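# A closer look at the structure
Next come the chains, spelled out residue by residue.
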Amino acid sequence: RMNTSEIDLKSQFKRGMAVEQFIDDQIAQKITISRKEVKMYYDSHPDNFKKPEQVKASHILIKVDPQADESQKKEARKKLDAIKQKLKKGEDFSTLAREFSQCPSSSRGGDLSYFGREQMVKPFSDAAFALKTGEVSDIIETRFGYHLIKVTDRKSETKISYQDAKEKVEQYLKQKKIFKEVNQYLEKVKRKAKIETFL
């Protein structure tokens, strides 16, 4: 598919592995990141270590194509309104989701698990985050159709602890230093090399 031969591919792999080994031997092994650097980065980038507020919600979806006419939209909304009346009479949300929802989550009783504000389309997210735990929304319209949403749990915004973050921060800072050193090395050898360009 790449219009290349096995010999050429092996040559590319060999060259790539040689470059990786060179970087590892000549640059990466010489780079160390102190605990002080890690802690300083952690303390000076607090926004990088926030875990935003999340809700756990279930929904019942009646699909409607965005291009549907008013009569089709009205029919879909009517179906969901009938389901809403069943909920008001005390029927179980997850049971109704399994029976009526047109989302793959119906097999889990409509459960979408935990999500942040940016993970869902805005009308859905706005409605879900405005609900209290245990509350069911009014009918919400999105590009997928009409939804009833029930929030089953919430997680407040939290901060990832230094203990949990320090290894990833160390890896990140080391990669940054390696990248910088590689670029400096390339500039150095370019200055010493005779480079010819053939157009």
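The structure presented is a predicted model; accordingly, all values stated were derived computationally and were not measured.

## Quick notes on the packing of aromatic side chains
The description of an aromatic ring pair uses the distance of the two centres, along with the angle that the planes make with each other. Counting across every chain of the model gives seven aromatic pairs. Pairing Y41 with Y172 gives two aromatic rings, centres 5.5 Å apart and planes at 50 degrees, and the pair type is tilted. Taken together, the positions of Y41 in helix 2 (residues 35-44) and Y172 in helix 6 (residues 162-192) put the pair 131 residues apart, joining distant regions of the chain. Through a chain of ring-to-ring contacts, three or more aromatic side chains come together here, namely Y41, Y42, F49, Y162 and Y172. Lying over the aromatic face of Y162, K39 brings its terminal NZ or CZ to 5.5 Å of the ring centre. The ring of Y114 carries K155 above its face, with NZ or CZ at 4.2 Å from the centroid.

## Let's talk about the packing of helix 2 against helix 6
Between helix 2 and helix 6, the shortest axis-to-axis distance is 9 Å and the interhelical angle comes to 105 degrees. Compared by their axis directions, helix 2 and helix 6 come out roughly perpendicular. Facing R35, E37, V38, K39, Y41 and Y42 of helix 2, the residues of helix 6 in contact are Y162, A165, K166, V169, E170, Y172, L173 and K177. Among the residues making up the contact of helix 2 with helix 6, the classes are represented as eight nonpolar, no polar and six charged.

## Structural notes on unusual backbone geometry
Unusually for a residue other than glycine, N3 sits at a positive phi of about 55 degrees. Along the chain, the position of N3 falls in the segment before helix 1 (6-26). Judged by its relative accessible area of 78%, N3 is exposed.

## Observations concerning the sheet that holds strand 2 (residues 54-63)
Spatially, four strands are ordered 3-2-5-4 in an open sheet, and the strand pairing comes out antiparallel. Each edge of the sheet is formed by a strand with only one pairing partner; in this case those strands are strand 3 (111-115) and strand 4 (140-142). Sheet twist, expressed as the average angle between the axes of neighbouring strands with direction ignored, equals 40 degrees. As judged from the 10 bridges shared by strand 2 and strand 5 (residues 145-155), these two strands associate in the antiparallel manner. Bridge pairing links I60 to L148 in strand 5. Against the sheet, helix 3 (residues 70-88) engages strand 2, strand 4 and strand 5, with an angle of about 40 degrees to strand 5.

## Here we look at the packing of helix 3 against helix 4 (residues 93-100)
At their nearest, the axes of helix 3 and helix 4 sit 10 Å apart, and the two run at 155 degrees to each other. In terms of orientation, helix 3 lies roughly antiparallel with respect to helix 4. Crossing of helix 3 over helix 4 shows right-handed handedness. Contacts between helix 3 and helix 4 involve I83, K86 and L87 from the former and F93, L96 and F100 from the latter.

## Brief notes about helix 6
Between its first and last C-alpha, helix 6 extends 44 Å over 31 residues, near the 45 Å set by a 1.5 Å rise per residue. Of all the bends in helix 6, the greatest, near 25 degrees, is centred on K168. Of all the residues in helix 6, the buried ones are Y162, A165, K166, V169, L173, I178 and V182. On its buried face, helix 6 sits against helix 1 and helix 2.

Here is what the cut-offs are and how they apply
- Every chain is numbered independently, its residues counted from 1 as its sequence is written.
- The predicted nature of this model means local features are confined to residues of pLDDT at least 70 and side-chain atom pairs, given and counted, to a pLDDT of 80 or more, with totals for whole chains, interfaces and linings taken over all residues.
- Water and hydrogen atoms play no part in the side-chain values, which are based on all heavy atoms of the structure.
- Between 30 and 60 degrees the pair is tilted, below 30 it is stacked and above 60 it is edge-to-face, where a pair is any two Phe, Tyr or Trp rings, Trp via its six-membered ring, whose centres lie within 6.5 Å.
- We count a stretch as a helix when DSSP gives it H or I for four or more residues in a row; a strand needs E for two or more, and each element gets its number in order from the N terminus.
- Any Lys NZ or Arg CZ found within 6 Å of a ring centre and within 35 degrees of that ring's normal is scored as a charge over the ring.
- Note on method: axes are straight lines fitted to C-alpha atoms, helices fitted across the in-contact stretch only, with angles between N-to-C directions ranging 0 to 180 degrees.
- Roughly parallel covers angles under 35 degrees, roughly antiparallel covers those over 145, roughly perpendicular covers 65 to 115, and oblique covers all other angles.
- Throughout, a contact is declared for two residues whenever any of their heavy atoms are within 4.5 Å.
- In this count, Pro and Cys sit with the nonpolar residues alongside Ala, Val, Leu, Ile, Met, Phe, Trp and Tyr, while Asp, Glu, Lys and Arg are called charged and the others, Gly among them, polar.
- Between buried and exposed lies partly exposed: a residue is buried under 20% and exposed over 50% of the maximum accessible area for its type, with that area taken using a 1.4 Å probe on protein chains only.
- Note: two strands are recorded as paired if DSSP finds a minimum of 2 bridges between them.
- Take the far helix as the reference: if the near one is turned anticlockwise from it by less than a right angle, the crossing is left-handed, and if turned clockwise, right-handed.
- Helix span is expected to be 1.5 Å times the residue number reduced by one.
- At every residue, the bend is computed as the angle between two fitted axes, covering the seven residues ending there and the seven beginning there respectively.

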